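The primary structure of each chain is shown beneath.
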Amino acid sequence: MTQLVALRRSRAAGNADRQRSEAEGVAGALVGRGAPGRTVYIETYGCQMNIGDTELMAGVLADAGYARVDDPGRADVILVNTCAIREHAENRVLGRLGQLQRYRDRHADLLIGVTGCMAQRLGEALLQGAYGVDLVAGPDAYRSIGWMVDGMRRGAVEKGQALLALDADEDYGGLRAIRGEGVSAWVTVQRGCDHRCTFCIVPYVRGPEKNRAFSEVVGEVEEAVAAGYSEVTLLGQTVNSYRSGDGDFADLLHAVARVPGLRRVRFTSPHPNDVTERLLETMASEPAVCPQLHLPVQSGSDRILKRMVRRYTRRDFLEKVDLARRIVPDIALSTDIIVGFSGEMEADFEATLSLLAAVRFDDAYLYKYSRRGGTPATRLPAADDVPAAVAQTRLERTIELQRGIQLSVNRAEVGAVREVLTERIARSAGDLLGRTARNKVVAFRGPADWIGTYRRVRLTATSGATFTGAVA
Ligand code: SAH
Ligand code: F3S
């Protein structure tokens, strides 16, 4: 008989827990009647939106009677929610799928599914032999995942299906996510993307931009607060291009920031072009909006920005940075960089380094270009490809530069007292980990029951990337 695992109580008690225990109750009752066990293990790769999507699927599956467990060895269904952004991300999942097959030895009826962007990109190919996958579901198919999984397990639906239709109207309105552990809630406000950055697979695997209604977003934030969360992060591929009948992203942020009981709101990922004065003014004037902005620049060279179809120049971007710093003086800025994109010459790369040196971002995510089948960049002349060894050296040089910048930026903050939301227990004994409003991670001493609470912490030292601190 399938054993149901007792789920750890999340800090944010309330709706989510109630739904979970209802799901466990249903699953328990069915197991009692001899029906196939109903537990699901979901493993998440990739961006924050995938964490949100996993929570959405957990909600849909709970409605179908499936309780989420945190051990694949105890699960009747294993789902791997995947990312397609770089080849490396996909290779990790393929390796993991191989490992997961061993659970079939102990569980003859185990169902293994792949969801998310890689599922959408590779589609039916994943159902073939070697991968050992029973179900493939793309980002617009999650509403069906409950009955599909259950139907396959009961033998009513044939295994080996791929749900790949992209649906321009599917924004998952009316569904309720079951949030995982953590003190911060993810709220998706927008799905898909209308840009066509030439390197990027997202528009092809997630379809065109779709925005949720204002009232739905605000309602979900209110529910999260009622469930005990005091921090939310609004998610979208170009979140600040959000627009609905009720207003634009600045209006939405304003409305969310005013939800009673919400102490912090963040958002990711914005597109630099849609960072408006109104948005920055909302950030400056609403105390709940964290002074933190991710501004993915990708390259510092106009030639490369043009080949990427980013639709801004280096100068436009630097002006945006100045505007942000003028309106929100204490703003922490982060970015994404791609090195080794098609046609990148040494001078283009140097321009990226000089941009990093000029802006001095608080944080940067640095990537080597990864060619994605189906994207416009694959049609650029092969002769323009940057050799792998050159791209690797450029990545290392970028990491070295940014490390030094981050260390000196963060050193300047040592000594300051900041409000920290305590997130979890650190790996170092006796320490907790938390985050400041400017998104800096701090380790400090304190009891576990501080998790979920705010503490005033003095930053005492930095390793470069993170801080240690002491309660002030
Ligand atoms: N707007 C999206 C961007 C998704 S991709 C968001 O929500 O963040 C995140 C980052 O991955 C991009 O900003 C880019 O720097 C990087 N990236 C995307 N496609 C890539 C590729 N083909 N190779 C390397 N890096 C890539
Ligand atoms: Fe990708 Fe560009 Fe959209 S990076 S997600 S196509 S804004």
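Residues numbered from 1 in each chain as written. Chains lettered and ligands numbered in written order. Predicted model: local features only at pLDDT ≥ 70, side-chain atom pairs only at ≥ 80, totals over all residues. Heavy atoms only, no water.

A word on the overall build of the chain
When its secondary structure is counted, the chain shows 14 helices and 21 strands. Relative to its length of 472 residues, the chain is compact, with a C-alpha radius of gyration of 23 Å against a globular reference of 23 Å. Based on the C-alpha atoms only, the size of the chain along its principal axes is roughly 65 × 60 × 50 Å. In the chain, buried positions account for 56% of the 472 residues. (Helix = DSSP H or I, 4+ residues; strand = E, 2+ residues; numbered from the N terminus. Rg over C-alpha atoms; globule rule 2.2 N^0.38 Å. Buried < 20%, exposed > 50% of the residue type's maximum accessible area, 1.4 Å probe, protein only.)

So, the pattern of salt bridges
Summed over all chains, the structure comprises 35 salt bridges. Note that glutamate 216 and arginine 212 form a salt bridge whose closest N and O atoms lie 3.1 Å from each other. The exposure class of glutamate 216 is partly exposed, given its relative accessible area of 30%. Note that aspartate 348 and arginine 303 form a salt bridge whose closest N and O atoms lie 2.4 Å from each other. Residue aspartate 348 is located in helix H13 (residues 346-359), and its partner arginine 303 is located in helix H11 (residues 302-308); the two are separated by 45 residues in the primary sequence. Here aspartate 348 falls in the buried class, since its relative accessible area comes to 7%. (Salt bridge = Lys/Arg side-chain N within 4 Å of Asp/Glu carboxyl O.)

Quick word on the packing of helix H8 (residues 214-226) against helix H9 (residues 249-257)
Where H8 contacts H9, the two axes come as close as 10 Å, and the packing angle between them is 30°. One way to sum up the angle between H8 and H9 is to call them roughly parallel. Between H8 and H9 the crossing geometry is right-handed. Contact residues: H8 offers Phe214, Val217, Val218 and Val221, while H9 offers Asp251, Leu252, Ala255 and Val256. For the contact of H8 with H9, a count of residues per class yields 7 nonpolar, no polar and 1 charged. (Axes fitted to C-alpha atoms, helices over the stretch in contact; angles between N-to-C directions. Parallel < 35°, antiparallel > 145°, perpendicular 65-115°, else oblique. Left-handed = near helix turned anticlockwise from the far one by under 90°. Contact = heavy atoms within 4.5 Å. Nonpolar A, V, L, I, M, F, W, Y, C, P; charged D, E, K, R; others polar.)

Details of empty space enclosed by the protein
Summed over all chains, the structure comprises 2 cavities of 30 Å³ or more. Volume-wise, the largest cavity comes out at about 160 Å³. Around the largest cavity, the lining is made up of 16 residues, and of these Gly52, Leu56, Thr188, Arg212 and Glu220 lie nearest the centre. Secondary structure elements with two or more residues in the lining of the largest cavity: helix H2 (48-63) and strand S7 (184-188). For the lining of the largest cavity, the leading source of residues is H2, giving 4 residues. Class assignment for the residues of the lining of the largest cavity results in 6 nonpolar, 2 polar and 8 charged. Structurally, the lining of the largest cavity is a two-domain feature, drawing no fewer than three residues from each of domain 1 (2-163) and domain 2 (184-411). (1 Å grid on protein atoms, 1.4 Å probe; cavity = no way out; pocket = protein on both sides within 12 Å on 5 of 7 lines; lining within 4 Å. Points joined across faces, edges and corners; volume = space filled by probe spheres on them. Domains from an automatic or database assignment.)

Considering the site of ligand 2
In the vicinity of ligand 2, the residues found are Cys193, His195, Cys197, Phe199, Cys200, Val202, Pro203, Gln237, Thr238, His271 and Arg310. Considering only residue class, the shell around ligand 2 consists of 6 nonpolar, 4 polar and 1 charged. (Near = heavy atom within 4 Å.)

Structural notes on the nonpolar core
Counting residues in each nonpolar core, the largest one holds 57 residues, and the members touching the most others are Val232, Leu234, Val256, Val265 and Leu293. Judged by nonpolar contacts, the second largest core, of 25 residues, contains Val60, Tyr66, Val149 and Ile178. (Core = buried A, V, L, I, M, F, W, Y, C linked by side-chain atoms within 4.5 Å.)

With respect to the site of ligand 1
Lining the immediate environment of ligand 1, one finds 14 residues, of which Phe199, Gln237, Gln298, Asp336 and Ser370 sit closest. Here a nitrogen atom of ligand 1 sits 2.4 Å away from a polar atom, N or O, in the main chain of glutamine 237. Contact between ligand 1 and aspartate 336: an oxygen atom at 2.6 Å from a side-chain N or O atom of the residue. When ligand 1 sits alone it has 550 Å² of accessible area, and the protein chains cover 86% of it. Mapped onto the shell around ligand 1, the elements with two or more residues apiece are strand S15 (332-339) and strand S16 (363-368). In terms of residue class, the shell around ligand 1 is built from 5 nonpolar, 5 polar and 4 charged. (Polar contact = N/O pair within 3.5 Å; in protein donor to acceptor, adjacent residues only side chain to side chain. Areas by Shrake-Rupley, 256 points an atom, 1.4 Å probe, with all protein chains shown as cover.)

Some thoughts on the sheet that holds strand S17 (residues 417-425)
Strand pairing in a sheet relies on backbone hydrogen bonds. The paired strands run either parallel or antiparallel. In space, the 5 strands of this closed barrel follow the order S17-S18-S19-S21-S20, with mixed pairing throughout. Along the sheet, successive strands turn relative to each other by an average axial angle of 50°, direction set aside. As judged from the 5 bridges shared by strand S20 (residues 454-462) and strand S21 (residues 467-471), these two strands associate in the antiparallel manner. Each bridged residue has a counterpart across the sheet, and for alanine 461 the counterpart in S21 is threonine 468. (Pairing = 2+ DSSP bridges.)

Concerning the domain arrangement of the chain
Under the domain assignment, the chain is made up of domain 1 (2-163), domain 2 (184-411) and domain 3 (417-471). Centre-to-centre, using C-alpha coordinates, domain 1 lies 30 Å away from domain 2. In this assembly, 20 residues from domain 1 lie in contact with 23 residues from domain 2. Between domain 1 and domain 2 lies a buried interface of about 1900 Å² when both sides are counted; carbon and sulfur atoms form 55% of it. (Buried area = accessible area lost by both parts, 1.4 Å probe.)

A short note on the environment of proline 208
Within the fold, proline 208 resides in the loop between helix H7 (202-206) and strand S9 (210-211). With 14 residues separating them along the chain, proline 208 and aspartate 194 place their C-alpha atoms 5.2 Å apart. Discounting residues that sit within four places of it in the chain, proline 208 has contacts with Arg191, Gly192, Cys193 and Asp194.

Brief notes about the state of the cysteines
On inspection of all chains with the given rule, the structure shows 0 disulfides. There is no disulfide at cysteine 47, and the cysteine sulfur nearest it, in cysteine 83, is 6.5 Å away. The class of cysteine 47 is partly exposed, set by a relative accessible area of 33%. Residue cysteine 117 stays outside any disulfide, its sulfur separated by 6.4 Å from that of cysteine 83, the closest cysteine. (Disulfide = S-S within 2.5 Å.)

Remarks on the pairing of S15
The buried count for S15 comes to 8 of 8 residues, which makes it a mostly enclosed element. Neither face of S15 is open: one carries Ala332, Ser334, Asp336 and Ile338, the other Leu333, Thr335, Ile337 and Val339, and all of them are buried. Here strand S14 (residues 292-294) runs beside S15; their pairing, made up of 3 bridges, is parallel. Counted as the bridge partner of glutamine 292 is alanine 332 from S15. Here S15 runs beside S16; their pairing, made up of 6 bridges, is parallel. Residue pairing for S16: aspartate 336 is matched across the bridge by tyrosine 365. Handedness of the crossover joining S15 and S16 through H13: right-handed. (Right-handed = clockwise from strand over helix to strand, strands pointing away.)

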